[in-house]
Amino acid sequence: MARSPAPALDDVSVAYLPRNVAPEILSITTLPPGVALQPQIQIQIDPNIESAGLDPSMFGVIAQAPPRRVYQRGARSLQWQSEDRNGDSLEYAIYYRSLSETTFRLLKEHVRETFYTVDGASLADGRYVFKIVASDAPDNPPGYALAGERLSEPIDIDNSPPVIKVVGSPTVSGEKVHAVFDVEDATGRIKRADVSVDGGAWHEVFPEDGIADSQRERYTLELQIRGEGEHTISLRAYDNSNNVGSISVTVRR
């Protein structure tokens, strides 16, 4: 009697749930004051490309176009890089606190872009820290989602212009005017100053220490005037948040 062949196992399929790994915020970049970010018009991706497991960039398609930069007074924009080793889709929450506080406050949640523009006018002048929290909740069932976070460097929110004061009274000697101005900013630093005589062209001037880089600067100016009568000297100063303050004084020759 012939023996039947021994049973053999040809194939095994096992269904399993891979271990979830928390996403990471790799870096946060702060843009200069006044630069706001807006999302670009997104390009529709052929769903057949994604279902085939192909990279859309192979077809010249960019899934998420970089944001457009526009000017917005007082804006402070954040951009960040993130990573999820499971390839999960991520959403973000943005929190903030001033340096004098210990508790973070929620600013915006369920953000899908990797950038956010803070309306500086909505916050009081001061220094703030922002926290970005990444969550893989969109691709995981409740109870399995994980999150990662990162803090920004301190960021200045400054909506107030520099204050300019005349030191003493300007003096006139022949066709020369000697005038001294103190410029002070409550939150940021003085970035530059310009002077104009009798409504003429603005010309950059430098503080006594040679460079505008602190909260308080003194400008000692020797200016030329022509003709008899009254003359107007105007000084304007910018801080590093692009707020501008100005003053005008009148002298008589």
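Residues numbered from 1 in each chain as written. Predicted model: local features only at pLDDT ≥ 70, side-chain atom pairs only at ≥ 80, totals over all residues. Heavy atoms only, no water.

Chemist: Which residues make up the packing of aromatic side chains, and what are the values?
Modeler: Within this structure, the stated rule accounts for 3 aromatic pairs. Seen from their ring centres, W80 and Y92 are 5.4 Å apart, and the 65° between their planes marks the pair as edge-to-face. Residue W80 is located in strand β4 (residues 75-83), and its partner Y92 is located in strand β5 (residues 91-98); the two are separated by 12 residues in the primary sequence. The residues W80 and Y92 share a single accessibility class, namely buried. Relative to F130, the ring of Y96 has its centre 6.5 Å away and its plane inclined at 35°; by these criteria the two rings are tilted. (Phe/Tyr/Trp six-rings, centres within 6.5 Å; stacked < 30°, edge-to-face > 60°. Helix = DSSP H or I, 4+ residues; strand = E, 2+ residues; numbered from the N terminus. Buried < 20%, exposed > 50% of the residue type's maximum accessible area, 1.4 Å probe, protein only.)

Chemist: Break down the nonpolar core for me, with residues and values.
Modeler: F181, L221, I233 and L235 are the most contacted members of the largest nonpolar core, which totals 19 residues. Of all the secondary-structure elements, those providing two or more residues to this core are β13 (176-184), β14 (190-197), β16 (216-224), β17 (230-239) and β18 (244-252). In terms of residue count, β13 provides more of this core than any other element does, 4 residues in total. In this view, I233 contacts V177, F181, V195, S196, L223, I247, S248, V249 and V251; residues no more than four positions away in its chain are not counted. (Core = buried A, V, L, I, M, F, W, Y, C linked by side-chain atoms within 4.5 Å. Contact = heavy atoms within 4.5 Å.)

Chemist: Lay out empty space enclosed by the protein in plain terms, naming residues and giving numbers.
Modeler: As enumerated under the stated definition, the model contains 1 cavity of 30 Å³ or more in all. The volume enclosed by the largest cavity comes to roughly 40 Å³. Lining the largest cavity we find P33, G74, R76, G120, D156, I157, D158, N159 and S241. Here the residues of the lining of the largest cavity sort into 2 nonpolar, 4 polar and 3 charged. (1 Å grid on protein atoms, 1.4 Å probe; cavity = no way out; pocket = protein on both sides within 12 Å on 5 of 7 lines; lining within 4 Å. Points joined across faces, edges and corners; volume = space filled by probe spheres on them. Nonpolar A, V, L, I, M, F, W, Y, C, P; charged D, E, K, R; others polar.)

Chemist: Talk me through the side chain of D84; I want residue IDs and the actual numbers.
Modeler: With respect to the helices and strands, D84 occurs in the loop between β4 and β5. The buried charged residue D84 lacks any salt bridge partner; its closest oppositely charged side chain belongs to R85, at an N-O distance of 7.8 Å. Only 3.0 Å separates the side chain of D84 from the backbone nitrogen of N86, close enough to count as a polar contact. Polar side-chain contacts of D84 include one of 3.0 Å to the backbone nitrogen of D88. With residues near it in sequence (within four places) discarded, D84 still touches V21, A22, P23, L90 and D136. (Lys, Arg positive; Asp, Glu negative; His and termini not counted. Salt bridge = Lys/Arg side-chain N within 4 Å of Asp/Glu carboxyl O. Polar contact = N/O pair within 3.5 Å; in protein donor to acceptor, adjacent residues only side chain to side chain.)

Chemist: A description of the pattern of salt bridges should follow, citing residues and the corresponding values.
Modeler: By the definition in use, this model includes 10 salt bridges. D156 is paired through a salt bridge with R127; the nearest N and O atoms lie 2.8 Å apart. Here R127 lies in strand β8 (residues 126-135) and D156 lies in strand β10 (residues 155-157), a separation of 29 residues in the sequence. Assessed through its relative accessible area of 42%, R127 is described here as partly exposed. Connected via shared salt-bridge partners are D182, E184, R216 and R218.

Chemist: Residue-level account of the pairing of β8, with values.
Modeler: With 9 of 10 residues buried, β8 is to be regarded as a mostly interior element. Sheet topology note: the β5/β8 ladder contains 8 bridges and is antiparallel. Across the sheet, R97 pairs through a bridge with V129, a residue of β8. Where β8 lies against strand β9 (residues 147-151), 5 bridges are found, and the strand directions are antiparallel. Bridging from a neighbouring strand, V133 pairs with E149 of β9. (Pairing = 2+ DSSP bridges.)

Chemist: Describe the sheet that holds strand β15 (residues 203-205), listing the residues and the values that go with them.
Modeler: Reading across the sheet, the 4 strands line up as β15-β14-β17-β18 and stay open at both edges, with antiparallel pairing between neighbours. The sheet is open, and its two borders are formed by β15 and β18, each paired with just one other strand. In this sheet, neighbouring strand axes are inclined to one another by 30° on average, regardless of whether the strands run parallel or antiparallel. The sheet contact formed by β14 and β15 spans 3 bridges and is antiparallel. Within β15, the residue paired with A193 across the bridge is V205. (Axes fitted to C-alpha atoms, helices over the stretch in contact; angles between N-to-C directions.)

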